[in-house]
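What the coordinates show
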Amino acid sequence: MNLFFDIDNWDKDLHLFSYKELNILMDVNSGTVHLIDNLTRKVLENLRCYAGDGDKVIRCLQEFYPTPEIVEVVEELKNLGEAGLLFTKDEPVDPFLNRDTIIKSLCLHVAHDCNLRCRYCFGGTGNFGGARKLMPLAVGQRAIDFLVAHSGTRPTVEVDFFGGEPLMNWQVVKELVFYGEEAAKRVGKTIEFTITTNGMLLDPEKDAFIKEHKILLVLSIDGRPEVNDFMRPMAGGQGSYQRIVPRYQRIISSMDPRDYYVRGTFTHYNLDFAEDVKHLHDLGFTSLSMEPVVAAEGEDYAFQADDLPLIFSEYDRLVDLYLARKGENKPFDFFHFNVDLEGGPCLLKRLTGCGAGFEYLAVTPEGDLYPCHQFVGREAYCLGDVWQGVVDESIGEKFMKAHIYNKESCKNCWARFLCSGGCHANAEASHGSILEPYELGCQLQKKRLECAIYLYCVDKIEQG
């Protein structure tokens, strides 16, 4: 057997790491994950040192391990490679070659106003740098018509009611749900709605409507009362925790956990954010997300240079909490630990990510179109409006080309097919370019992915 391995691009094509008690090897291009023992890890480390020369590896390790065992490992690695499960090659493709893009979803900013004054709000506490206003019904209807007309043969389209606080424009939200359902039905499509809300205006009537129309919910809260109220006060300065928690508990009490997410943000002030996840789970919420803040340098709540190791260790604590609660038969779902390593996203999504700017657009109360909700107010990124459609096609083309093969930082990153190049808005905010990923975001994403891969392996071990 030829014992030479072609592994010129080790860091790009393989990811070898240890997490807690497990040695884990991921073949990046196939997405295959292997659990390995200590000898196999040593063999792989030496293969890297000796540029893939298996014979040299065997000679090097003979002093420490029985030769037959080393040979067996080397041959098994070779067999995995021949089976297409290891040492596979990346074959870059143009994700938009001979492909017509379609609009899949819209984020409707039905309210550029808010009844909270969250300190870290990227939307300028709701007004996105402009006047506080609500979306007229006619604008929302035109936006839905635009979505349906530009969705091609896609059977399902999506609308997210966003703000500010969308429930401040509740009557328009209701009318748009009715309108969207009928507009989609007329052309043989279905429409799915999501509402992202701070919960201040939830009441039994809204609860019933949301459930009747199967509207997905994203419920914002940052965790423990003191954490939430420090960062998410009401417009008058009062804390919001005591008002929203009973409303959240009421609405999710008869909902499928797959139909909502309770979403928090952690900052420099709550680096022990696993405690906030624990607190939210103790309140009865089982679909959870806790996002790292993205803040301008100099903000007191922004992460500082020495915060990163603390954040990493907190993700480790979150893994322990996740497993402990699962062992107590009280599991919860954590958004960033949900990584499909078997089916995985389609090739296009793996290369391009969220589709902002060409498949996913945001609509302002005036009807202007932006690449996503986080670009609203950045006038250089206005594509057009819901009456004229996309006028400046160069913006969408710019986002289409911002895929992992056109980002220098992504080309050789082991996580590229799982993170798809990161958030364009964070990249643009930190570097002024959507082609230069936000470095801190990359580091946190890779840490979360290692946690997710570890949990995937633990689950496989438990399944036998």
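Relevant structure appears above.
Note that this is a predicted model, so its numbers are computed, not measured. (Residues numbered from 1 in each chain as written. Predicted model: local features only at pLDDT ≥ 70, side-chain atom pairs only at ≥ 80, totals over all residues. Heavy atoms only, no water.)

1. With respect to the overall build of the protein chain
A count of helical and extended segments in the protein chain gives 17 helices and 16 strands. Relative to the 2.2 N^0.38 estimate, which gives 23 Å for 464 residues, the radius of gyration of the protein chain is 24 Å and therefore close to what a compact globule would have. Of all 464 residues assigned to the protein chain, the portion counted as buried reaches 52%. Here the analysis covers contacts within the protein chain between residues at least 6 apart in sequence; of these, 70% occur between residues at least 24 apart. On the protein chain, roughly 20700 Å² of surface is accessible, and the fraction owed to carbon and sulfur atoms is 50%. Looking at the protein chain, you have 48 positive and 70 negative side-chain charges, and the mean spots of the two groups are 3 Å apart. (Helix = DSSP H or I, 4+ residues; strand = E, 2+ residues; numbered from the N terminus. Rg over C-alpha atoms; globule rule 2.2 N^0.38 Å. Buried < 20%, exposed > 50% of the residue type's maximum accessible area, 1.4 Å probe, protein only. Contact = heavy atoms within 4.5 Å. Areas by Shrake-Rupley, 256 points an atom, 1.4 Å probe, with all protein chains shown as cover. Lys, Arg positive; Asp, Glu negative; His and termini not counted. Charge placed at Lys NZ, Arg CZ, Asp CG, Glu CD.)

2. Here we look at the nonpolar core
By size, the foremost hydrophobic cluster in this structure holds 117 residues, and its most contacted members are Leu 106, Leu 108, Phe 161, Ile 195, Leu 318 and Ile 453. For this core, the element with the most residues is helix 17 (residues 439–463), which contributes 8 residues. When near neighbours in sequence (up to four residues on either side) are disregarded, Ile 453 contacts Phe 17, Ile 24, Met 26, Val 33, Leu 341 and Trp 414. Residues Leu 14, Val 57, Ile 70 and Phe 87 belong to the second largest nonpolar core, which totals 22 residues. (Core = buried A, V, L, I, M, F, W, Y, C linked by side-chain atoms within 4.5 Å.)

3. Quick word on the pattern of salt bridges
Applying the stated criterion across every chain, the model contains 27 salt bridges. As a salt-bridge pair, Glu 428 and Arg 378 come within 2.5 Å of each other at their nearest N and O atoms. Here Glu 428 is found in helix 16 (residues 424–431), whereas its partner Arg 378 is found in the loop between strand 14 (368–370) and strand 15 (384–385), with 50 residues between them in sequence. Through salt bridges with shared partners, one network takes in Lys 278, Asp 282, Arg 325, Glu 328 and Lys 330. (Salt bridge = Lys/Arg side-chain N within 4 Å of Asp/Glu carboxyl O.)

4. With respect to unusual backbone geometry
Geometrically, the link from Gly 163 to Gly 164 is a cis peptide bond, its omega value of 20° lying close to zero. Within the secondary structure, Gly 164 is located in the loop between strand 7 (156–162) and helix 6 (170–186). Here the phi dihedral of Lys 20 falls at roughly 50°; this positive angle occurs in a residue that is not glycine. With respect to the helices and strands, Lys 20 occurs in the loop between strand 1 (14–19) and strand 2 (22–27).

5. Focus on the packing of helix 6 against helix 7 (residues 204–212)
Axis separation between helix 6 and helix 7 bottoms out at 12 Å; the angle between their running directions is 20°. Comparing the axis directions of helix 6 and helix 7 gives the class roughly parallel. As for how helix 6 packs across helix 7, the hand of that crossing is left-handed. Counted together, Trp 170, Lys 174, Val 177 and Phe 178 of helix 6 and Glu 205, Lys 206, Phe 209 and Ile 210 of helix 7 form the full contact between these two elements. When grouped by side-chain class, the residues that make up the contact of helix 6 with helix 7 number 5 nonpolar, no polar and 3 charged. (Axes fitted to C-alpha atoms, helices over the stretch in contact; angles between N-to-C directions. Parallel < 35°, antiparallel > 145°, perpendicular 65-115°, else oblique. Left-handed = near helix turned anticlockwise from the far one by under 90°. Nonpolar A, V, L, I, M, F, W, Y, C, P; charged D, E, K, R; others polar.)

6. Thoughts on the sheet that holds strand 15
Strand order in the open sheet formed by 11 strands is 12-11-10-9-8-7-4-13-14-15-16, with mixed pairing between adjacent strands. Pairing within the sheet leaves two strands with one partner each, and these edge strands are strand 12 (333–334) and strand 16 (389–390). In the sheet, strand 9 (residues 216–220) pairs with strand 10 (residues 260–266) via 4 bridges, with the strands oriented parallel. Residue pairing for strand 10: Leu 217 is matched across the bridge by Tyr 260. Sheet strands in contact with helix 6 are strand 4 (105–109), strand 7 and strand 8 (190–197), and its direction is about 160° off that of strand 8. (Pairing = 2+ DSSP bridges.)

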